[in-house]
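A structural walkthrough
Letter by letter, the chains look like this.
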Amino acid sequence: MTENYYPISYLNDFIFCPLSIYFHQLYGNMSERLYQNEDQMGGKAVHETIDTHRYSNHKSILQGISICSRKYGLCGKIDLFDVDKGILTERKKKITEIYDGYIFQLYAQYFCLTEEGFDIRQLRFYSYSDNKIYPIPLPEETPDMVKKFEKTIESLFEFDPTSFVQTNAKKCGRCIYSPLCDRSLADDE
Ligand code: SF4
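The text that follows walks through the structure, step by step, so that each part is easy to find. Within each chain, residues carry numbers counting from 1 in the order of the written sequence. For this predicted model, a pLDDT threshold of at least 70 governs which residues receive local features, and a threshold of 80 or more governs which side-chain atom pairs are given and counted, while totals over whole chains, interfaces and linings are taken from all residues. Derived side-chain values reflect all non-hydrogen atoms in the structure, with water molecules and hydrogen atoms excluded from consideration.

1. Comments concerning the pattern of salt bridges
- Salt bridges are defined as contacts in which a side-chain nitrogen from Lys or Arg sits within 4 Å of a carboxyl oxygen from Asp or Glu. Going through the model one piece at a time under the given rule, you end up with 6 salt bridges.
- For Asp100, the salt bridge goes to Lys148, with nearest N and O atoms at 2.7 Å. A residue pair is termed long-range when its members are at least 10 positions apart, and Asp100 in helix H4 (residues 100-115) and Lys148 in helix H5 (residues 143-158) qualify at 48 residues.
- A relative accessible area of 27% means that Asp100 is categorised as partly exposed.
- For Asp182, the salt bridge goes to Arg183, with nearest N and O atoms at 3.0 Å.
- Burial status follows relative accessibility: with a 1.4 Å probe on protein chains alone, a residue under 20% of its type maximum counts as buried, one over 50% as exposed, and anything between as partly exposed. Since its relative accessible area comes to 25%, Arg183 is described here as partly exposed. Under the scheme used here, helices are H or I runs from DSSP no shorter than 4 residues and strands are E runs no shorter than 2 residues, and both carry numbers assigned from the N terminus.

Right under this line is the structure:
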């Protein structure tokens, strides 16, 4: 599909506000230190466990490995994949709602792994703080959702920040980049 690659993690940001991915690129590490709230830091701690491979040494569990999809132009890391059982899990600190952006991140991991020939039979989220599992249908069971996923990626690659106009002040009010953003409507809330 493309020579360019975007991080899988941008999908959720892009759905929240397309412009936020530019601030993510510009101020990523700094804004994490300055603005990240407690929930986000907790989520990060979960993923640091994954990145440093402390979760499990079991050979059939792949964790924190780098992945790429040539078809969709996405790259990133998986959370946990049980190769024997075919279960791909993404852990989050606390899940109160399954957003499309969450599902798209899991789809992206799914497509990266299936491009490499892995057999994935189950997708799921695990909410770390309340110990809940949320099964997600496989992409082949939800073609409409896959269309939405593909449309989002198309929009991500075509996005022109110069012509973007924000209309949702509530989003700006919740956005960590609001103090840095010249399109913020946070004061209009
Ligand atoms: S402040 Fe508003 S317009 Fe700017 S990145 Fe955040 S949500 Fe988007």
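2. Points about unusual backbone geometry
- Located in the positive-phi region is Asn131, a residue other than glycine, with phi close to 60 degrees.
- Turning to its location among the elements, Asn131 is positioned in the loop between strand E7 (122-127) and strand E8 (132-136).
- With relative accessibility at 56%, the residue Asn131 sits in the exposed group.

3. Observations concerning the packing of aromatic side chains
- Geometry of aromatic contacts follows a simple scheme: Phe, Tyr and Trp rings, the Trp one being its six-membered ring, pair when their centres are within 6.5 Å, and the pair is stacked under 30 degrees between planes, edge-to-face over 60, tilted otherwise. On inspection of all chains with the given rule, the structure shows 18 aromatic pairs.
- Arranged with centres 6.3 Å apart and planes meeting at 75 degrees, the rings of Tyr107 and Phe111 form a pair that is edge-to-face. Here Tyr107 and its partner Phe111 are both found in helix H4, 4 residues apart, which amounts to about one turn of the helix.
- For the pair Tyr126 and Tyr128, a centre-to-centre distance of 6.5 Å together with 85 degrees between the ring planes defines the contact as edge-to-face.
- Overall, Tyr128 belongs to the partly exposed group, its relative accessible area being 46%.
- Clustering of aromatic rings is evident, with ring pairs tying together Tyr72, Phe104, Tyr107, Tyr110, Phe111 and Phe149.
- By definition, being over a ring means that NZ of Lys or CZ of Arg is both within 6 Å of the ring centre and within 35 degrees of the ring normal. For the cation-ring pair, Lys92 lies above Tyr102, with the distance from its terminal atom to the ring centre recorded as 4.5 Å.

4. Some remarks on the state of the cysteines
- Disulfides are defined as pairs of cysteine sulfur atoms found within 2.5 Å of each other. What the rule picks out here adds up to 0 disulfides.
- You can see Cys75 has no disulfide; the closest cysteine sulfur is in Cys68, sitting 4.6 Å from it.
- Between Cys112, a free cysteine, and Cys68, which holds the nearest cysteine sulfur, the sulfur-to-sulfur gap is 6.3 Å.

5. Looking at the packing of H4 against H5
- At their nearest, the axes of H4 and H5 sit 10 Å apart, and the two run at 90 degrees to each other. Taken together, H4 and H5 sit at an angle that is classed as roughly perpendicular. Within the contact between the two elements, H4 uses Asp100, Ile103, Phe104, Tyr107, Ala108 and Phe111 and H5 uses Met145, Val146, Lys148, Phe149 and Thr152.
- In this classification, the charged set is Asp, Glu, Lys and Arg, the nonpolar set is Ala, Val, Leu, Ile, Met, Phe, Trp, Tyr, Cys and Pro, and all remaining amino acids, among them Gly, are polar. Among the residues forming the contact of H4 with H5, the class breakdown is 8 nonpolar, 1 polar and 2 charged. Between the N-to-C directions of two axes lies an angle of 0 to 180 degrees, each axis being a line fitted to C-alpha atoms and, for a helix, fitted only over the stretch in contact. Any angle between 65 and 115 degrees counts as roughly perpendicular, while under 35 counts as roughly parallel, over 145 as roughly antiparallel, and the rest as oblique. In what follows, a contact means two residues having at least one pair of non-hydrogen atoms within 4.5 Å.

What is shown is where atoms sit, not what they do.
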